[in-house]
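# Structure assessment
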Amino acid sequence: MRMLITFQNKIVPVYFTTENKQPTQKVLRLLNSTLELKIQKGKSALQKCLNSLISIEIKGSEAILHSYSENDSLALSLY
């Protein structure tokens, strides 16, 4: 399933796998709050990834953040 979120004035697609047990809206709220917290207080590598974010893939309790440079992509725990 694919949803769109707004993060830093950009539309970012979020892809969900079918095995997620949490409701979609709860996962999106967790994702938004986690991303906002990380952009303010995260390490520079994480902020670099968030500044060039192109898509997010949710697998279970992890969000895989894809950026323009494949080297900057990382996984982030939502729980």
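Computed from a prediction, not measured in an experiment: that's the story for all the values here. (Residues numbered from 1 in each chain as written. Predicted model: local features only at pLDDT ≥ 70, side-chain atom pairs only at ≥ 80, totals over all residues. Heavy atoms only, no water.)

### Brief notes about the sheet that holds strand 5 (residues 74-77)
Read across the open sheet, the five strands follow the order 1-2-3-4-5; overall the sheet is mixed. The open sheet terminates on both sides in strands that have one partner only, identified here as strand 1 (2-7) and strand 5. In this sheet, adjacent strand axes meet at a mean angle of 30° when their direction is disregarded. The pairing of strand 2 (residues 10-16) with strand 3 (residues 53-59) spans three bridges and is classified as parallel. Its bridge partner lying in strand 3, Phe16 is registered against Ile58. Packing of helix 1 (residues 24-41) onto the sheet brings it into contact with strand 1, strand 2, strand 3, strand 4 (62-67) and strand 5, and relative to strand 1 it is tilted by some 30°. (Pairing = 2+ DSSP bridges. Helix = DSSP H or I, 4+ residues; strand = E, 2+ residues; numbered from the N terminus. Axes fitted to C-alpha atoms, helices over the stretch in contact; angles between N-to-C directions. Contact = heavy atoms within 4.5 Å.)

### Remarks on helix 2 (residues 44-51)
Along helix 2, the positions that sit buried rather than exposed are Leu46, Cys49 and Leu50. Each buried residue of helix 2 lies within a common arc of 95° when the element is viewed along its axis, so the set occupies one face. Residues of helix 2 that are buried make contact with strand 1, strand 2, helix 1, strand 3, strand 4 and strand 5. (Buried < 20%, exposed > 50% of the residue type's maximum accessible area, 1.4 Å probe, protein only. Arc of directions from axis to C-beta.)

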